[in-house]
Amino acid sequence: MTGKIRHYYAGGNTAKGFYSLYDSVLAGLERVYILKGGPGTGKSSLMKTIGKRFEEIGLNVDYLHCASDNQSIDGVLLPEFGVGIVDGTAPHIIEPKAPGVIEEYVNLGVAWDRNELTGHKEEILALNDHIASLFQKAYHTFASSLSAHDDIEDIYIANMDFEKANELTNELISLFFEEDSLPKSSTVKHRFLGAATPDGAVDYIQNLTEDVGKRYFIKGRAGSGKSTMLKKIASAAEEKGFDVEVYHCGFDPNSLDMLIIREIGIAIFDSTAPHEYFPDRESDEIIDMYERCITEGTDEKYAGDIERTTKAYKDKMNEAISYLKEAKKLREQLESIYIGAMDFAKVNMIREEIFQEISEFIKK
């Protein structure tokens with residue numbers, strides 16, 4: 001038996017700063033282990049090992065990836081059993097709802113040599129300050145990039161036929177749901193399908209949609225109504241009692257990039273850069289917002305303005321990514337200090353205790 005392995009993000013480095021969707025991602029879990037400890041204390045490795053073990057026995061496993069380190073994860077969930085393990089250190093501080101009942105803190109700091117770390121006090125403080133300043137630069141630069149992106153949107157919004165956009169949205173709602181509704185309350189999960197990372201834009205659209213029967217690829221331009229359409233479809237699904245996975249934009253979290261409604265086997269997503277894909281199954285379908293809703297010839301008429309604003313947007317994005325990359329290098333230096341002060345045999349013991357507790361919990 002093979003379980004479903006899904007990958008996504010619960011937090012991201014965005015134009016609005018670090019943006020957390022952890023409250024939604026963790027909502028409804030019955031047992032949550034919140035790991036505490038500095039960088040390099042083995043949190044990600046602990047979670048990966050436990051996740052892999054549950055994969056091997058055929059359970060469904062969700063991995064929450066880290067937007068600031070492409071090789072790390074921030075959490076691992078067993079969704080069918082309501083169990084999760086998450087990194088509870090900054091910037092993703094997690095406030096427990098029922099500590100000791102649902103959430104349990106796990107302090108990996110018990111495995112470090114305080115005297116060894118104290119010898120590096122000034123270096124640790126300096127690295128932390130430098131890393132924090134780089135993240136602030138990245139957030140500020142992402143915000144500047146979003147401003148340039150808004151300038152691109154303005155061009156297309158001014159040439160948008162909103163009536164046609166509403167018609168298209170209503171057609172899709174009718175197509176997806178017909179007159180169907182379910183006699184239950186909808187469960188809505190908010191997540192990120194991708195993130196701006198030190199290695200650039202990363203997404204998990206293909207993984208998240210691999211077992212969805214029907215996929216709709218939305219094509220268009222900035223400002224052509226893709227996110228607004230997704231919001232209206234999500235609202236309709238919720239009203240009709242269908243569970244919805246709502247995936248926010250990792251650059252502008254106020255915008256949506258994808259919806260998955262598994263109860264009707266549908267995924268619909270913004271398939272433009274930086275997560276541009278093309279149909280590769282017979283059932284895949286393209287929805288072209290530019291063709292349907294934007295005044296013909298807009299690209300050509302405003303080519304100069306579009307080229308200028310697009311360059312400004314991309315230049316600022318690349319600059320922001322460079323700050324994330326620099327912060328990652330400094331974080332690796334910080335991690336090496338902690339790694340040198342850790343007794344990983346103790347961490348392994350903690351890992352085994354968590355694994356055994358979860359194994360017993362899911363057998364109940």
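Residues numbered from 1 in each chain as written. Predicted model: local features only at pLDDT ≥ 70, side-chain atom pairs only at ≥ 80, totals over all residues. Heavy atoms only, no water.

Moving on: the environment of Arg 215. Inspection of the secondary structure assignment puts Arg 215 in strand β12 (residues 214-219). With 51 residues separating them in the primary sequence, Arg 215 and Ile 266 have C-alpha atoms 5.9 Å apart. With residues near it in sequence (within four places) discarded, Arg 215 still touches Gln 206, Thr 209, Ala 267, Phe 269, Asp 280, Arg 281, Ser 283, Asp 284 and Glu 285. Reaching out from Arg 215, the side chain makes a polar contact with the side chain of Asp 280 at a distance of 2.8 Å. (Helix = DSSP H or I, 4+ residues; strand = E, 2+ residues; numbered from the N terminus. Contact = heavy atoms within 4.5 Å. Polar contact = N/O pair within 3.5 Å; in protein donor to acceptor, adjacent residues only side chain to side chain.)

If a residue is not glycine, its phi is most likely negative; likewise, a peptide bond is most likely trans. Looking along the chain, the bond that leaves Ala 90 and enters Pro 91 is cis, with omega of 5°. Position of Pro 91 among the secondary structure elements: in the loop between β7 (83-87) and β8 (103-107). Here Ala 273 and Pro 274 are connected by a cis peptide whose omega angle stands at 10°. Positionally, Pro 274 belongs in the loop between β15 (266-270) and β16 (285-288). Of note in the backbone geometry, Glu 178 takes a positive phi value of approximately 50° without being a glycine. Mapped onto the elements of the fold, Glu 178 is located in the loop between α5 (162-177) and β9 (188-192).

Turning next to the pairing of strand β3 (residues 17-20). Inspection of the sheet shows strand β2 (residues 11-14) paired to β3 by 4 bridges, in the antiparallel sense. The residue of β3 that forms the bridge with Gly 11 is Ser 20. What sits between β2 and β3 in their antiparallel hairpin is a turn of 2 residues. (Pairing = 2+ DSSP bridges.)

Turning next to the pattern of salt bridges. Summed over the entire model, instances satisfying the criterion amount to 22 salt bridges. A salt bridge links Asp 284 to Arg 215; the nearest nitrogen and oxygen atoms lie 2.8 Å apart. In this pair, Asp 284 is assigned in the loop between β15 and β16 and Arg 215 in strand β12, connecting sequence segments 69 residues apart. Residues Asp 284 and Arg 215 agree in their burial class; the two are buried. (Salt bridge = Lys/Arg side-chain N within 4 Å of Asp/Glu carboxyl O. Buried < 20%, exposed > 50% of the residue type's maximum accessible area, 1.4 Å probe, protein only.)

Turning our eyes to something else, we now look at the pairing of strand β13 (residues 244-248). Taken across its 5 residues, β13 has 5 buried, putting it largely inside the fold. Of the two faces of β13, the one carrying Val 244, Val 246 and His 248 and the one carrying Glu 245 and Tyr 247 are both buried. Across 5 bridges, the pairing between β9 and β13 is parallel. Each residue of the ladder has a partner; that of Val 188, found in β13, is Val 244.

The geometry of helix α2 (residues 43-56) relative to helix α11 (residues 344-363) is characterised by a closest axis approach of 10 Å and an angle of 35° between their N-to-C directions. Helix-helix and strand crossings are classified by hand; for α2 and α11 the assignment is right-handed. Of the residues in α11, those in contact with Leu 46, Thr 49, Ile 50, Arg 53 and Phe 54 of α2 are Val 347, Arg 351, Glu 352, Ile 354, Phe 355, Ile 358, Ser 359 and Ile 362. Looking at side-chain class alone, the contact of α2 with α11 contains 8 nonpolar, 2 polar and 3 charged residues. (Axes fitted to C-alpha atoms, helices over the stretch in contact; angles between N-to-C directions. Left-handed = near helix turned anticlockwise from the far one by under 90°. Nonpolar A, V, L, I, M, F, W, Y, C, P; charged D, E, K, R; others polar.)

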